[in-house]
Amino acid sequence: MMVSREEQKRGELLVIRPGAIGDTLLAFPVLSALRAASPSACLTLVGNAQVLPLARWLGVADAVEDYGDLRWSALFAEGGLGQDELRARLSQAERVVCWLADPDGLVRRNLREAGVTMATVAPGRPPAGEPGHVTAYLARTLGLTFDLASRGREVYRLPPVLLEREPPLFPVAPLVIHPGSGSAEKCWPPARFAAVVLWAWERSWPVLVLAGPADRERLAALVRALPASTPDRLKVLIDLPLLRVAAHIQRARCYLGNDSGLSHLAGLLGVPTVALFGPTDPALWRPLGPAVVTVRAQPLDQLPVETVVRHIEQLQCTL
């Protein structure tokens, strides 16, 4: 969505945050803090197209643009922007934040040549060995006073109008499971997820399983490990837009998933969340939210089912 002339008059904060779903979601608390620090400004987020509708509906951004649009590649033009369309676009902004790698300084130079006087260009993740969570690091790049202990517990909720468009699938809140992730090493075995499903059924909890395009094999393996006749207790949703996924997650009794974008989404929505970590460090990448537990095992396939269900039970007991 382009910025209107009225919004431009307010002064625009243009934030460019490439990356996967989880990377973008982890920036949401920082964007909220940035908006609070500049309440009269219009904040435009340029990022992952899948996440942008969420940014608008959750009130994180006033306007959004897809970083996948080819014009943004001109940020790295070695010959400068010239009279490129992007030059005019950048010149509209009062402040530009680029969370991306710029080892040769091309982005900085091109922003300067476009007339951007307030610019922050920093890698999207902290340098190797720097302690702390990625969200706190992003806040530091902007010089924001940012308390991760409180900001990391903020809850984002979809408005009722969106929930009404996506009716619930069960009469009671389900356990929501996402068995996939960006790589095999980050995924708990499907049979272990199936064991958690059986555990939930013993407690009369229905189960909703979410899957994306890369999760089909894991989903099939999970379903094969379950009894064949379970239509009233199990639903599966595949390849839904993120807004629709968010509506179902927001209604969950609890969420269980690997280190993935949907785990970050569940945490931000305030849903009790158990996130399973293997090779990645939860100190840097854990989901944020008021009711998030991270469990780490290396390798992840050594994590027992009993440990996971214990954490689910403990979360339920604290509600």
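Residues numbered from 1 in each chain as written. Predicted model: local features only at pLDDT ≥ 70, side-chain atom pairs only at ≥ 80, totals over all residues. Heavy atoms only, no water.

1. Quick word on the sheet that holds strand E9 (residues 254-258)
For step 1, the next point in the chain: Within the open sheet, the 6 strands sit side by side as E8-E7-E6-E9-E10-E11. Their pairing is parallel. Each edge of the open sheet is held by one strand with a lone partner, namely strand E8 (234-238) and strand E11 (292-296). The average angle at which neighbouring strand axes cross in this sheet is 15 degrees, direction not considered.
For step 2, the next point in the chain: Of the pairings in the sheet, the one linking strand E6 (residues 175-178) to E9 comprises 4 bridges and is parallel in character. Bridging from a neighbouring strand, valine 176 pairs with tyrosine 255 of E9.
For step 3, the next point in the chain: Contacting E6, strand E7 (207-211), E9, strand E10 (273-277) and E11, helix H13 (residues 261-268) crosses the sheet at an angle of about 150 degrees to E9. (Pairing = 2+ DSSP bridges. Helix = DSSP H or I, 4+ residues; strand = E, 2+ residues; numbered from the N terminus. Axes fitted to C-alpha atoms, helices over the stretch in contact; angles between N-to-C directions. Contact = heavy atoms within 4.5 Å.)

2. Some points on helix H12 (residues 242-250)
For the α-helix, the turn length of 3.6 residues means that residues three or four positions removed from each other point alike.
For step 1, the next point in the chain: Taking burial as the measure, the 9 residues of H12 include 7 buried ones, the bulk of the element.
For step 2, the next point in the chain: Taken residue by residue, H12 has Leu242, Val245, Ala246, Ala247, His248, Ile249 and Gln250 as its buried positions. (Buried < 20%, exposed > 50% of the residue type's maximum accessible area, 1.4 Å probe, protein only.)

3. Looking at the nonpolar core
Grouped burial of nonpolar side chains is what soluble globular proteins tend to show.
For step 1, the next point in the chain: Formed by 59 residues in total, the largest nonpolar core has its most connected members in Phe28, Leu45, Trp99, Ile249 and Leu265.
For step 2, the next point in the chain: Setting aside residues up to four positions removed in sequence, leucine 265 forms contacts with Leu25, Leu54, Leu242, Val245, Ala246 and Ile249.
For step 3, the next point in the chain: Formed by 32 residues, the second largest nonpolar core is a distinct cluster that contains Leu234, Val274, Leu303 and Val308. (Core = buried A, V, L, I, M, F, W, Y, C linked by side-chain atoms within 4.5 Å.)

4. Let's talk about the pairing of E6
For step 1, the next point in the chain: Neither face of E6 is exposed, since Leu175 and Ile177 on one face and Val176 and His178 on the opposite face are all buried.
For step 2, the next point in the chain: For E6 and E7, the ladder comprises 3 bridges, and the chain directions are parallel. Bridging across to E7, isoleucine 177 finds its partner in valine 209.
For step 3, the next point in the chain: A crossover connection joins E6 to the parallel E7 through helix H10 (residues 190-202); in handedness this β-α-β unit is right-handed. (Right-handed = clockwise from strand over helix to strand, strands pointing away.)

5. What about the side chain of threonine 273?
For step 1, the next point in the chain: Inspection of the secondary structure assignment puts threonine 273 in strand E10.
For step 2, the next point in the chain: Overall, the relative accessible area of 0% leaves threonine 273 in the buried class.
For step 3, the next point in the chain: Among all residues touching threonine 273, those that are not within four sequence positions of it are Tyr255, Ser263, Ala266, Gly267, Ala291, Val292, Val293 and Leu315.

6. Some points on helix H3 (residues 28-37)
For step 1, the next point in the chain: Most of H3 is tucked away: 7 of the 10 residues are buried.
For step 2, the next point in the chain: Among the residues of H3, those classed as buried are Phe28, Pro29, Val30, Leu31, Ser32, Ala33 and Leu34.

7. Overview of the sheet that holds strand E5 (residues 119-122)
For step 1, the next point in the chain: Strand order across the open sheet formed by 5 strands is E3-E2-E1-E4-E5, with parallel pairing between neighbours. Two strands lie at the open edges of the sheet, namely strand E3 (63-66) and E5, each paired on one side alone. If you compare each strand with its neighbour and ignore which way they point, the axes differ by 15 degrees on average.
For step 2, the next point in the chain: Both strand E1 (residues 12-17) and strand E2 (residues 42-47) contribute to a ladder of 6 bridges, which runs parallel. Residue pairing for E2: leucine 13 is matched across the bridge by leucine 43.
For step 3, the next point in the chain: Here H3 sits on the sheet and contacts E1, E2 and strand E4 (95-99); the angle it forms with E2, its principal contact strand, is near 160 degrees.

8. Overview of the confidence of the model for the protein chain
For step 1, the next point in the chain: The share of residues in the protein chain with pLDDT of 70 or more is 96%, and the mean pLDDT across the chain is 93.
For step 2, the next point in the chain: Contacts of residues 1-9 to residues separated by more than four positions or lying in other chains number 21 contacts, the stretch itself having pLDDT below 50. (pLDDT = per-residue confidence, 0-100.)

9. Observations regarding the packing of aromatic side chains
For step 1, the next point in the chain: Tallied over the full model, the rule gives 3 aromatic pairs.
For step 2, the next point in the chain: Seen from their ring centres, tryptophan 199 and tryptophan 205 are 5.2 Å apart, and the 85 degrees between their planes marks the pair as edge-to-face.
For step 3, the next point in the chain: Given a relative accessible area of 9%, tryptophan 205 falls into the buried group.
For step 4, the next point in the chain: The positively charged end of arginine 233 is found above the aromatic ring belonging to tryptophan 201, 4.3 Å away from the centroid. (Phe/Tyr/Trp six-rings, centres within 6.5 Å; stacked < 30°, edge-to-face > 60°. Lys NZ or Arg CZ within 6 Å of the ring centre and 35° of its normal.)

10. Comments concerning the state of the cysteines
For step 1, the next point in the chain: This structure, assessed with the given rule, holds 0 disulfides.
For step 2, the next point in the chain: For the unlinked cysteine cysteine 42, the closest cysteine sulfur is that of cysteine 98, found at 16 Å.
For step 3, the next point in the chain: On the basis of relative accessible area, cysteine 42 is assigned to the buried category, the value being 0%.
For step 4, the next point in the chain: Lacking any disulfide linkage, cysteine 187 is separated from the closest cysteine sulfur, that of cysteine 254, by 18 Å.
For step 5, the next point in the chain: Judged by its relative accessible area of 7%, cysteine 187 is buried. (Disulfide = S-S within 2.5 Å.)

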